[in-house]
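Architecture at a glance
What follows is the residue order along each chain.
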Amino acid sequence: MALAFAYAIFSGSWLFFVTSLLILLGFTTWGAFDIRLGYFLRVFYRKKNPAAKQVALTFDDGPSVFTPPVLDLLRDFDFKATFFCIGKEVQHFPDIANRILSDGHTIANHTFSHTTNFGFLSTEQVIAELETCNNIISATVDRRPTFFRPPFGVTNPSVAKAVQRLGLQTIGWSNRSLDTVIKDEDRILRRVLRKLQSGDIILLHDTTQRTVNVLRKILPMLKAEGYVCVSVDDLLNLQAYEA
Ligand SMILES: [Zn+2]
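Conventions adopted
Residues numbered from 1 in each chain as written. Predicted model: local features only at pLDDT ≥ 70, side-chain atom pairs only at ≥ 80, totals over all residues. Heavy atoms only, no water. Helix = DSSP H or I, 4+ residues; strand = E, 2+ residues; numbered from the N terminus. Contact = heavy atoms within 4.5 Å. Areas by Shrake-Rupley, 256 points an atom, 1.4 Å probe, with all protein chains shown as cover. Donors = N, O, S within 2.8 Å, 3.2 Å for Na, K, Ca; no water. Buried < 20%, exposed > 50% of the residue type's maximum accessible area, 1.4 Å probe, protein only. Patch = residues over 30% accessible without salt bridge, like charges linked within 9 Å, V, L, I, M, F, W, Y side chains within 5 Å. Salt bridge = Lys/Arg side-chain N within 4 Å of Asp/Glu carboxyl O. Lys, Arg positive; Asp, Glu negative; His and termini not counted. Charge placed at Lys NZ, Arg CZ, Asp CG, Glu CD. Pairing = 2+ DSSP bridges. Right-handed = clockwise from strand over helix to strand, strands pointing away. 1 Å grid on protein atoms, 1.4 Å probe; cavity = no way out; pocket = protein on both sides within 12 Å on 5 of 7 lines; lining within 4 Å. Points joined across faces, edges and corners; volume = space filled by probe spheres on them. Nonpolar A, V, L, I, M, F, W, Y, C, P; charged D, E, K, R; others polar. Axes fitted to C-alpha atoms, helices over the stretch in contact; angles between N-to-C directions. Parallel < 35°, antiparallel > 145°, perpendicular 65-115°, else oblique. Left-handed = near helix turned anticlockwise from the far one by under 90°.

**Notes on the overall build of the protein**
Tallying secondary structure elements over the protein gives 10 helices and 9 strands in all. Within the protein, residue pairs in contact and separated by at least 24 positions form 75% of the contacts whose partners lie at least 6 positions apart. Of the roughly 11700 Å² of accessible surface on the protein, a fraction of 56% belongs to carbon and sulfur atoms.

Written as structure tokens, this is what we have:
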């Protein structure tokens, strides 16, 4: 792309220059919103060719009153999951955050406030969001997460710099349930199962009864298909916490 710019400027082809610029802007916007591209930073979003038939269920935006029923269901099937928690929700529900850990699941960073402006924050502001969340989690459950998932899956140069400076690992997803968007539980179920592959990281939210209902149907189906649900750290063989 840089070469194209240089060529465009030297050749004086303004039409070509403008076209190149628009294409670059398009790619940058797409890169900012499709976490799988890893356009700005390295993003782990699935396990390629896993040895066993396994997937990682991930739950964003909790803890909430819907987290305990999610934990009950996971316990019934002896499945492990990863919870990307919002710092201020950990402050609201410290006991639930502790249960996530004591039930054998992994807790991870999903920023302090989950602001809708996340894509527009400066590097310093992103660092503050990530550090405040980690400070709260660490004070609550005595673990300091190294896994981070950006709100809305947004990545950009500020997020990339913040992640690099704090030494975090960015976790995306390969299977997006759209459980907060789709109202029909069976449609959510079909959407997840239709493209399910071993090694998938599945994005869900422990924030609605709908997701609890979907889980009640999907967990027995996964078990019947021979899948084991494991934490992201076990799936990817990464450390979820600072030493
Ligand atoms: Zn979120």
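Still more to cover.
**So, the coordination of the zinc ion**
Bound to the zinc ion are the protein donor atoms Asp 61 (OD), His 110 (NE2) and His 114 (NE2), situated 2.1 Å from the metal. In primary-sequence terms, the residues that donate to the zinc ion follow D-x48-H-x3-H. Of this pair, Asp 61 sits in the loop between β2 (54-60) and α3 (67-77) while His 114 sits in the loop between β4 (106-109) and α6 (123-141), and the two are 53 residues apart along the sequence. With respect to class, Asp 61 is no different from His 114; both count as buried.

**Considerations on unusual backbone geometry**
Here the amide bond leading from Gly 62 into Pro 63 is cis, since omega sits at 0 degrees, within 30 degrees of zero. Tracing the sequence through the fold places Pro 63 in the loop between β2 and α3. For Asp 61, which is not a glycine, the phi torsion comes out positive at approximately 80 degrees.

**Structural notes on a positive patch on the surface**
Together, Arg 187, Arg 190, Arg 194 and Lys 195 make up a positively charged patch on the protein surface. In this structure, Arg 194 sits in helix α8 (residues 185-194).

**Comments concerning the pairing of strand β3 (residues 81-85)**
Counting buried positions along β3 yields 5 of 5 residues, so the element is predominantly enclosed. In β3, alternate side chains face the same way, and those of Ala 81, Phe 83 and Cys 85 on one face and Thr 82 and Phe 84 on the other are all buried. In the sheet, β2 pairs with β3 via 4 bridges, with the strands oriented parallel. Paired with Phe 59 across the strands is Phe 83, a residue of β3. Taken together, β2, α3 and β3 form a β-α-β motif whose crossover is right-handed. Pairing geometry for β3 and β4, over 4 bridges, is parallel. Each residue of the ladder has a partner; that of Cys 85, found in β4, is Asn 109.

**Considerations on the layout of surface pockets**
Rolled over the atoms, a probe sized like a water molecule indicates the empty space that remains. Of the volumes computed, that of the largest pocket is approximately 190 Å³. In this structure, the largest pocket is lined by 17 residues; those nearest its centre are Phe 152, Arg 176, Thr 180, Leu 203 and His 205. Partitioned by chemical class, the residues of the lining of the largest pocket number 7 nonpolar, 6 polar and 4 charged.

**Remarks on the environment of Gly 226**
With respect to the helices, strands and loops of the structure, Gly 226 is situated in the loop between α9 (209-224) and β9 (228-229). Owing to a relative accessible area of 41%, Gly 226 belongs among the partly exposed residues under this scheme.

**Quick word on the packing of α3 against α9**
With their axes 10 Å apart at the nearest point, α3 and α9 run at an angle of 15 degrees to one another. For the element pair α3 / α9, the angle class is roughly parallel. As α3 packs across α9, the resulting crossing turns out to be right-handed. Across the interface between the two elements, Pro 69, Val 70, Leu 73, Leu 74 and Phe 77 from α3 touch Val 212, Leu 215, Arg 216, Leu 219, Pro 220 and Lys 223 from α9. Taken together, the residues that form the contact of α3 with α9 break down as 9 nonpolar, no polar and 2 charged.

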